[in-house]
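Results of the structural survey
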Amino acid sequence: MSTAHQPGGPDLASGPHAGSFLVRELPYLAILVMTVGGVAYGAMTRSPLVTYWELVALISCGVGIFAGWSRATDKDERVRLVWTQVLHWGAFLAAMNLVFLPSVQAVADADSTSLVVLLLLALGTFVAGVHTASWRMGLNGVVMGLCVPAVAWLDQSALFVALLALGLVAVAGLVLWARARM
């Protein structure tokens, strides 16, 4: 039996590029970057990004299918994989769309909406990793979940972070200026 079908084996299909770090990690990193970028953009614009979040969920569904494909040994397992991922992500799409309903938006601001969507995507990604036996997908969900309190803290501490960054730039400028004078 090849390592592609063992629980500790690679998540992506075997081939000449299966060992490449970029090929292995790019789909998971893309989901993470899209998610964090969407949260940041939504927090800055203070507007819901319904279509964007739907796209992220659909891409996550595709990555989940891709991650589990090498473990599916026959046609029945592959059909089951596709259906479970489609139903799984369909349920999360429905939950995300509930968050964007006007009645919910009337009581939730853009920041809380972004955090709820991030939490839903994190949970969906983690559970997809469990269903597909993909540790990379599950880990991506954990990282996304850890981003929820981090984003909330950064949002509350934006002035502190900006002043800290300004202070670091000032100190670096002084050090460079002092070196140039010597």
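In this text the structure is predicted, and so the values were computed from the model without any measurement.

With that out of the way, let us pick up the nonpolar core. Among the nonpolar cores identified, the biggest contains 30 residues, and Trp-53, Trp-89, Met-96, Val-117, Leu-121 and Met-144 are the most heavily contacted of them. Counting residues per element, the ones that place at least two in this core are helix H1 (21–45), helix H2 (50–69), helix H3 (75–99), helix H5 (110–132) and helix H6 (135–156).

With that settled, consider the layout of surface pockets. Considering only enclosed or pocket space, the largest pocket measures out at about 260 Å³ in volume. Together, 13 residues line the largest pocket, and Val-39, Ala-43, Asp-111, Val-151 and Asp-155 are the ones closest to its centre. If one sorts the elements of the lining of the largest pocket by residue count, H1 sits on top with 5 residues. Tallied by class, the residues present in the lining of the largest pocket amount to 9 nonpolar, 1 polar and 3 charged. Those elements that place two or more of their residues in the lining of the second largest pocket are H3 and H5.

On to the packing of aromatic side chains, then. Evaluation of the coordinates by the stated rule reveals 2 aromatic pairs. Centroid distance Tyr-52 to Trp-53: 5.3 Å. Interplanar angle 75 degrees. Geometry classified as edge-to-face. In this structure Tyr-52 comes out as partly exposed when scored by relative accessible area, which is 28%. On the accessibility criterion, Trp-53 (3% relative accessible area) is buried. Ring plane angle 50 degrees and centroid distance 5.9 Å describe the contact between Trp-89 and Phe-92, whose orientation is recorded as tilted. In this pair, Trp-89 and Phe-92 both sit in helix H3, 3 residues apart, roughly one turn of the helix. Trp-89 gets classed as buried once you look at its relative accessible area, which sits at 2%. Using a relative accessible area of 14% as the deciding quantity, one classes Phe-92 as buried.

Calculation rules
Residues numbered from 1 in each chain as written. Predicted model: local features only at pLDDT ≥ 70, side-chain atom pairs only at ≥ 80, totals over all residues. Heavy atoms only, no water. Core = buried A, V, L, I, M, F, W, Y, C linked by side-chain atoms within 4.5 Å. Buried < 20%, exposed > 50% of the residue type's maximum accessible area, 1.4 Å probe, protein only. Helix = DSSP H or I, 4+ residues; strand = E, 2+ residues; numbered from the N terminus. 1 Å grid on protein atoms, 1.4 Å probe; cavity = no way out; pocket = protein on both sides within 12 Å on 5 of 7 lines; lining within 4 Å. Points joined across faces, edges and corners; volume = space filled by probe spheres on them. Nonpolar A, V, L, I, M, F, W, Y, C, P; charged D, E, K, R; others polar. Phe/Tyr/Trp six-rings, centres within 6.5 Å; stacked < 30°, edge-to-face > 60°.

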